[in-house]
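Architecture at a glance
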Amino acid sequence: TMTDLVLLKNNEPLTTSLIVARELKRTHKSIANMIKLYRKDFEEMGIIGEFQMSQRNGNNAIFYHLNEQHLTFLIMMLRVKQNENDRVLDFKKRITKEFFSMRKWILEQKTQKQNQQYIETRNKSKIGRKQETDIIKTFIEYAKSQGSKSADKYYMIFSKMENSAFFILKEKFPNVRGVLNMGQLSKIIVADMIVKTAIIEGMEKGLLYKDIFQLAKKRVVDMADSLGVKEILPIEKIK
């Protein structure tokens, strides 16, 4: 299971003050006050980013992004009651593992981009995607001829369908394919071929454009299901 304790922002693993408050069963106000009180000390370990979220009362509250050093310092500064020791220890163990997992994934991303076999696989993926988008372009005109008012969205719709068939996206990426490893790219290459074939077959048979999408989706999902459990991106939990 995923605990979502660590997120990726600007290629840096971070947690948030909201996550800390939730996991330690503290009010966010108490955590935020601690950060404000020792802000200068915190920022010796890196800039603390701020973000706003709307609350139930309609007001916006300020939350903080924290790196691993920030988190360690924060927990050290908190007063922990005796009955909280186990909860705090459990949280520290789980989030330490997630920080380690995220850093490992970032390193793998940097390393694989220099690997010749990865480069070749990525290039094949780009070629396959180009062939698929050429067919989708024809499909969009086909859908428009059948009355579709939002056919131009099918580039995005097919991409999301393929990604969701194989992966659980833990983060938002401008380009999911840019963070896939060789094995994951190989799956997407095959999915692109499946989609392309299904579209061609469907249009040749004169099927309704919605039915063509469902045909392509079923074939991709069937393939993904045959491979087993979905992979988590950007990382898989280290056991």
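Below or above, wherever it landed, is the structure these notes cover. Keep in mind that this is a model prediction, so the values were computed, not measured.

Here we come to unusual backbone geometry. Its identity as a non-glycine residue notwithstanding, Asn 10 has a phi of 50 degrees, on the positive side. Asn 10 sits in the exposed class, given a relative accessible area of 73%. With phi around 55 degrees, Lys 25 is a residue other than glycine that occupies positive phi space. Mapping Lys 25 onto the fold places it in the loop between helix H1 (17-24) and helix H2 (28-37).

This next bit is on helix H7 (residues 154-166). Between its terminal C-alpha atoms H7 stretches 19 Å, which fits the 18 Å expected from 13 residues at 1.5 Å a residue. All of the buried residues in H7 are Tyr 154, Phe 158, Ser 159, Met 161, Glu 162, Asn 163, Ala 165 and Phe 166. Contacts made by the buried residues of H7 are with helix H6 (116-145), strand E5 (167-169), helix H8 (182-204), helix H9 (209-227) and strand E6 (231-233).

Now for the sheet that holds strand E3 (residues 49-54). Ordered in space as E1-E2-E4-E3, the 4 strands form an open sheet in which the pairing is antiparallel. The two strands at the open ends of the sheet, each matched to only one other strand, are strand E1 (7-9) and E3. Sheet twist, expressed as the average angle between the axes of neighbouring strands with direction ignored, equals 45 degrees. Summarising the sheet, E1 and strand E2 (residues 12-16) pair through 3 bridges and their orientation is antiparallel. Residue pairing for E2: Leu 7 is matched across the bridge by Leu 14.

This part takes up helix H5 (residues 85-112). With 28 residues, H5 extends 41 Å from end C-alpha to end C-alpha; this agrees with the ideal 40 Å at 1.5 Å per step. Listing the buried residues of H5 in full gives Val 88, Phe 91, Ile 95, Glu 98, Phe 99, Ser 101, Met 102, Trp 105, Ile 106, Gln 109 and Gln 112.

Time to look at the packing of helix H4 (residues 68-77) against H5. Two elements in contact, H4 and H5, have axes separated by 11 Å at closest approach and are oriented at 170 degrees. Relative to H5, the element H4 is oriented roughly antiparallel. Residues Glu 68, Leu 71 and Ile 75 of H4 form the contact with H5, whose own contacting residues are Val 88, Phe 91, Lys 92, Ile 95, Thr 96, Phe 99 and Arg 103. For the contact of H4 with H5, a count of residues per class yields 6 nonpolar, 1 polar and 3 charged.

Judged by nonpolar contacts, the single largest core of 61 residues is most densely connected at Leu 74, Phe 139, Tyr 154, Phe 158, Phe 166 and Ile 199. Among the elements that line this core, the one with the most residues is H8, at 8 residues. Apart from the residues within four sequence positions on either side, Phe 166 is in contact with Lys 187, Ile 188, Ala 191, Val 220, Met 223, Ala 224, Leu 227, Lys 230 and Glu 231.

Let's shift gears to the environment of Ile 75. Topologically, Ile 75 is positioned in helix H4. A relative accessible area of 10% means that Ile 75 is categorised as buried. For the pair Ile 75 and Lys 92, spaced 17 residues apart in the sequence, the C-alpha separation amounts to 8.8 Å. Non-local contacts of Ile 75, meaning those with residues more than four positions away in its chain, are made with Val 88, Phe 91 and Lys 92.

This next bit is on the packing of aromatic side chains. Overall, the coordinates contain 11 aromatic pairs when judged by the stated rule. Measuring from centroid to centroid gives 6.3 Å for Trp 105 and Phe 173, while their planes differ by 45 degrees, and the two rings are tilted. Linking Trp 105 in helix H5 with Phe 173 in the loop between E5 and H8, this pair joins segments that are 68 residues apart in sequence. Seen from their ring centres, Phe 139 and Phe 158 are 5.7 Å apart, and the 75 degrees between their planes marks the pair as edge-to-face. With Phe 139 in helix H6 and Phe 158 in helix H7, this pair connects stretches of sequence that are 19 residues apart. A connected cluster of aromatic rings, assembled from ring pairs, spans Phe 139, Tyr 154, Phe 158, Tyr 209 and Phe 213.

Rules behind the numbers
Residues numbered from 1 in each chain as written. Predicted model: local features only at pLDDT ≥ 70, side-chain atom pairs only at ≥ 80, totals over all residues. Heavy atoms only, no water. Buried < 20%, exposed > 50% of the residue type's maximum accessible area, 1.4 Å probe, protein only. Helix = DSSP H or I, 4+ residues; strand = E, 2+ residues; numbered from the N terminus. Expected span 1.5 Å × (residues − 1). Contact = heavy atoms within 4.5 Å. Pairing = 2+ DSSP bridges. Axes fitted to C-alpha atoms, helices over the stretch in contact; angles between N-to-C directions. Parallel < 35°, antiparallel > 145°, perpendicular 65-115°, else oblique. Nonpolar A, V, L, I, M, F, W, Y, C, P; charged D, E, K, R; others polar. Core = buried A, V, L, I, M, F, W, Y, C linked by side-chain atoms within 4.5 Å. Phe/Tyr/Trp six-rings, centres within 6.5 Å; stacked < 30°, edge-to-face > 60°.

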